[in-house]
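# Structural description and commentary
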Amino acid sequence: MSDTVSYTRKDDVAILRITNPPVNALSQAVRAGLMDGMDRAEADDGVRAALIVGDGRAFIAGADITEFGKPPQTPYLTEVCNRIESSPLIFVASMHGVSLGGGLEIALGAHYRVAQPDARVGLPEVHLGLIPGAGATQRLPRLIGVEKSLDLITSGRHVKAPEALEMGIVDHVVDGDPQEVGLSYVRELLDGGAERRPVSAMDKPAAIDWDGAYEAALAKGRGQVAPAEAVRAVQASVEQPFDEGLETERRIFMELMETDQRQGMIHAFFSERAVGNLPELKGVEPRALQSIGIIGGGTMGAGIATAALLAGFNVVLIEMKNEAAEAARERIAGNLQGALKRGKITDAKYDAMLTNGLEVSVNYDSLASVDMVIEAVFEDMGVKKDVFGKLDAVCKKGAVLATNTSYLDVDEIAASTSRPADVIGLHFFSPAHVMKLLEIVVADQTAPDVVATGFALGKALGKVSVRAGVCDGFIGNRILATYRTAADHMVLDGASPYQIDKALTDFGFAMGPFAVADLAGLDIGWATRKRKAPDRHPDERVPTYIDCLCEQGHFGQKTGKGYYIYEKGARRGVPNPEIEDLITAEQKELGITPRDFTDAEILRRYMAAMVNEAAKVLGEGIARRPLDVDMTLLFGYGFPRYWGGPLKWADLQGLPNLLEDIKSYARDDPWFWQPAPLLEQLVAEGRNFDDLNKQAAKA
Ligand code: 3H9
């Protein structure tokens, strides 16, 4: 038998046990092993039924994603599922841990399914830019109907065993050892005279409004095609005989396999896992971490405190005045209420977090015993240095001292203490208990175990942590500043902010840059412009029309007026008519004759600016790998996941073309469009960003 599928027999039942750590992915060896196991079981005298069970932590996590993009190898998964279903033996799947994608398809090929109470099933293929490709779009609708199937397939969500039982995906839920539970269920079935029950032979489900469902899936996916294509595959289960439906599913699956979106999504899948895996941290133990101090109880500080409490840490929050401390407690309680409402925590947990887990104080001495402090005060070097001076005086030896600054020099902050090796940047994104990104900013003297502690914290909080070096804005905000500037230049030259926002949401961004500016607060950009004004290069083009709004106290969403006007309580606004006049006035003042931009040019310039700055960030070592940039933009800046990130997007477009475009833009504005040396080097060497990712993985 194969190394990955073992064959044993208990009385009249054959047991096919899959062992392919870590998650029993259906590699070619596993597929072949299952085929061999079936041959053997059917030839084994006296065997009446067969049980499929997984070893280790999962039944089967799906097809082996590392095989995608390579020539498919026989036996194909569809054949394996069909072979299970058409076997003369009664086939039972005993499911524990996860049964995802092809894993669930194997189970749907079986005639009966039993699951552990904490098992989860799902068809997450859309998260890889695909649809299920081994029969689920044809079998699941026959088993549970079209609507429930579409819910599962187009969302990719995981369903826990009790819900799967209610939906009719599994037949039985029992706690115990998966093999033992499976065997007793098979016994029960055999003794009860149960017969084979092929799902493909079940009645076809009822039709729905397919075009409506297709359009809805397309809109919800913001340009992602796989969920919408899944609707067409499910449609085939109603309109075509089973075998033809399988062919339709296969055709769509193979077409999606060829798309950029599939490549982008799979890049995102592996990068999300690789991003926290730093060679420099191999063998480095993080420091002990149980209690966290937080300085500042505004939106950011309260958000970090909420995230820390939810992850089980004790939190001491420092504010300047008692009223502010109490307001911070209220803010945190409000955030936790949200978690309570969504069923993430129980009433008892909620009470315990607020009474035992959280201490608010106005006295820095309360921080004497905490393991880490995260400062989240006003973005001003003087204020930060003052805070770090106090922390240096009160914190115990070995405590990690972190700043949540979003652009200030962490080296300078560290140098203001007597223990720079303990100082690190932990840049959270607001709201910190919701946003997934954490930039871990490593200063010159930060000790390796302090970096490891930052990553350990990120993991405990469920964040995607990215290592960044010190520069103005680190990885994310530095790149943002550049592509935002490209958008500003286009506005000066004639594109409207609303056309730009629309072109970028059409591309798949959650929001366009001007809607984002309104959300973040126009005062932030205004303050940055003022801060940077003294060092500004004379060739730098900086529009000032929006400052007129700021001077009148209009800061975007929070004041009801910015690029857009917001009705009270509304999150979406309508274009502010004053903006056009302000832009026209500035164009006149600067002697600019506005011109038209196509959406394609807007996208190209915006992305070219993003990629060029990202290549500079990489070239300077602020980000170590292209995938670090990709994950920063994906998890902190609303970049569409199905493009994998800006540098994956750049690879997919072709770097030589992009460099040519940058050089052509530089003819009008050579100061802004200076090509990144790394980009020029990659083009000259015929390499791309993914080659750098691969090189880093080998190192
Ligand atoms: C499919 O089935 C298509 C079919 O319909 C049709 C085919 C014809 N393959 O996430 P973790 C690796 S599409 C290969 O850190 P967790 C993962 O990279 C597939 N490798 O652990 C990591 O490696 P490393 C549909 C896989 O406990 C290690 O396993 N299925 C696969 O947080 C541990 O993973 C999916 O989309 C795989 N399928 O989460 C499921 N899965 O240690 C995708 C995982 O080297 N997987 N690895 O970094 C998941 O959602 C999570 O990995 C899972 C475990 C929930 C299973």
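Not measured: the values here are computed from a predicted model.

Let's shift gears to the pairing of strand β14 (residues 400–403). Of the two faces of β14, the one lined by Val400 and Ala402 and the one lined by Leu401 and Thr403 are each fully buried. Where strand β13 (residues 372–375) lies against β14, four bridges are found, and the strand directions are parallel. Bridging from a neighbouring strand, isoleucine 374 pairs with alanine 402 of β14. Remark: the β13/helix α15 (residues 381–394)/β14 crossover connection has right-handed handedness. Pairing of β14 with strand β15 (residues 423–428), which is carried by three bridges, proceeds in the parallel orientation. The residue bridging threonine 403 from the neighbouring strand is glycine 425, located in β15. What joins β14 to β15 is helix α16 (residues 410–415), and the crossover it makes is right-handed.

Below, the discussion takes up the pairing of strand β4 (residues 90–95). Among the six residues that make up β4, six are buried, leaving the element largely enclosed by the rest of the structure. Burial of β4 is two-sided: the residues Ile90, Val92 and Ser94 facing one way and the residues Phe91, Ala93 and Met95 facing the other way are all buried. Where strand β3 (residues 49–54) meets β4, five bridges bridge the pair, whose relative direction is parallel. Bridged to isoleucine 52 within β4 is alanine 93.

Okay, the site of the ligand next. Near the ligand there are 25 residues, and of these Arg57, Gly102, Glu105, Glu125 and Arg273 occur at the shortest range. Here an oxygen atom of the ligand and a side-chain polar atom of arginine 273 are 2.6 Å apart. When the ligand sits alone it has 1000 Å² of accessible area, and the protein chains cover 71% of it. When contributions to the shell around the ligand are tallied by element, the ones reaching two or more residues are β5 (98–100), α3 (102–109) and α11 (260–274). The element best represented in the shell around the ligand is α11, accounting for three residues. Here the shell around the ligand is composed, by residue class, of 16 nonpolar, four polar and five charged.

Reading across the sheet, the eight strands line up as β12-β11-β10-β13-β14-β15-β16-β17 and stay open at both edges, with mixed pairing between neighbours. Edge strands, defined here as strands with exactly one partner in the open sheet, are β12 (358–361) and β17 (464–468). Pairwise comparison of adjacent strand axes, ignoring direction, gives a mean angle of 25 degrees for this sheet. Pairing of strand β16 (residues 437–441) with β17 involves five bridges; the strand directions are parallel. Across the sheet, glutamate 439 pairs through a bridge with valine 466, a residue of β17. Across the sheet, helix α13 (residues 322–341) lies against β11 (314–318) and β12, angled at about 155 degrees from β12, the strand it touches most.

By convention, interface size is frequently given as the accessible area that disappears when the constituent parts associate. Taken domain by domain, the protein chain holds domain 1 (5–258), domain 2 (289–468) and domain 3 (519–595). Spacing between the C-alpha centres of domain 2 and domain 3 amounts to 32 Å.

This part is about the pattern of salt bridges. Counted according to the given criterion, the structure contains 42 salt bridges. Here aspartate 151 and arginine 157 are joined by a salt bridge, their closest N and O atoms 2.9 Å apart. In this structure, arginine 287 engages aspartate 449 in a salt bridge whose closest nitrogen and oxygen atoms are separated by 3.0 Å. Taken together, the residues arginine 287 in the loop between α11 and β10 (291–295) and aspartate 449 in helix α17 (residues 448–460) connect sequence positions 162 residues apart.

On to the side chain of glutamate 125, then. Structurally, glutamate 125 can be placed in the loop between β7 (120–122) and α4 (136–144). Notably, glutamate 125 is buried but unbridged: the nearest opposite-charge side chain belongs to arginine 250, and the N-O separation is 10 Å. Among residues more than four places away in sequence, those in contact with glutamate 125 are Gly101, Gly102, Glu105, Leu130, Ile131 and Pro132.

Another aspect to go through is the nonpolar core. The biggest cluster of nonpolar side chains holds 104 residues, and the ones touching the most others in it are Leu367, Leu391, Tyr563, Phe639 and Phe689. Take this core: its biggest share by element is 12 residues, from helix α24 (residues 599–619). Here this core gathers at least three residues from each of two domains, domain 2 (289–468) and domain 3 (519–595). If we ignore the near neighbours within four places in the chain, the residues touching phenylalanine 639 are Phe507, Phe509, Met607, Met610, Leu633, Leu634, Gly645, Pro646 and Trp649. Of all hydrophobic cores here, the second largest spans 72 residues; its members include Ile65, Phe91, Leu104 and Leu128.

In helix packing, the relevant descriptors are the interaxial angle and the interaxial distance, both defined with respect to the helix axes. The contact between helix α18 (residues 476–493) and α24 brings their axes to 8 Å, and the two run at 150 degrees. The pairing of α18 with α24 is recorded here as roughly antiparallel in orientation. As for the relative orientation of α18 and α24, their crossing is right-handed in sense. Judged by residue contacts, Arg478, Ile479, Thr482, Tyr483, Ala486, Ala487 and Met490 of α18 engage Ile602, Arg605, Tyr606, Ala609, Met610, Glu613, Ala614, Lys616 and Val617 from α24. For the contact of α18 with α24, a count of residues per class yields 11 nonpolar, one polar and four charged.

Rules used in this analysis
All chains use their own residue numbering, which begins from 1 and follows the written sequence. Local features are withheld for residues below a pLDDT of 70 in this predicted model, meaning they are given only at 70 or higher, and side-chain atom pairs are given and counted only at 80 or more; totals for whole chains, interfaces and linings count all residues. Excluding hydrogens and water, the side-chain figures rest on all heavy atoms present in the structure. Between buried and exposed lies partly exposed: a residue is buried under 20% and exposed over 50% of the maximum accessible area for its type, with that area taken using a 1.4 Å probe on protein chains only. Secondary structure elements are taken from DSSP: a helix is a run of H or I of four residues or more, a strand is a run of E of two residues or more, and numbering for both begins at the N terminus. Between any two strands, at least two bridges found by DSSP are needed for them to pair. Handedness rule for crossovers: strands pointing away from the viewer, path from the first strand over the helix to the second running clockwise, crossover right-handed. The nearness test applies per residue and asks whether one of its heavy atoms lies within 4 Å of the molecule or strand. Nitrogen and oxygen atoms within 3.5 Å of one another constitute a polar contact, given that in protein one can donate a hydrogen and the other can accept it, and given that sequence-neighbouring residues count only through two side-chain atoms. Each accessible area value is a Shrake-Rupley result obtained with a 1.4 Å probe; residue values ignore everything except the protein chains displayed when judging cover. Polar here means any residue other than Ala, Val, Leu, Ile, Met, Phe, Trp, Tyr, Cys and Pro, which are nonpolar, and Asp, Glu, Lys and Arg, which are charged; Gly is therefore polar. Fitting a line to C-alpha atoms yields each axis, with helices limited to the stretch in contact; the angle taken between N-to-C directions then spans 0 to 180 degrees. Residues are treated as being in contact if the distance between any of their heavy atoms lies within 4.5 Å. Here the bounds of each domain stem from an automatic or database domain assignment. One side-chain nitrogen of Lys or Arg within 4 Å of one carboxyl oxygen of Asp or Glu is enough to make a salt bridge. Under the counting rule used here, the positive set is Lys and Arg, the negative set is Asp and Glu, and His together with the chain ends is not counted. Put simply, buried Ala, Val, Leu, Ile, Met, Phe, Trp, Tyr and Cys residues joined by side-chain atoms within 4.5 Å make one nonpolar core. Throughout, the term roughly parallel applies to angles under 35 degrees, roughly antiparallel to angles over 145, roughly perpendicular to angles from 65 to 115, and oblique to all others. Each helix crossing is assigned a hand: it is left-handed if the near helix lies turned anticlockwise from the far helix by less than a right angle, otherwise right-handed if that turn is clockwise.

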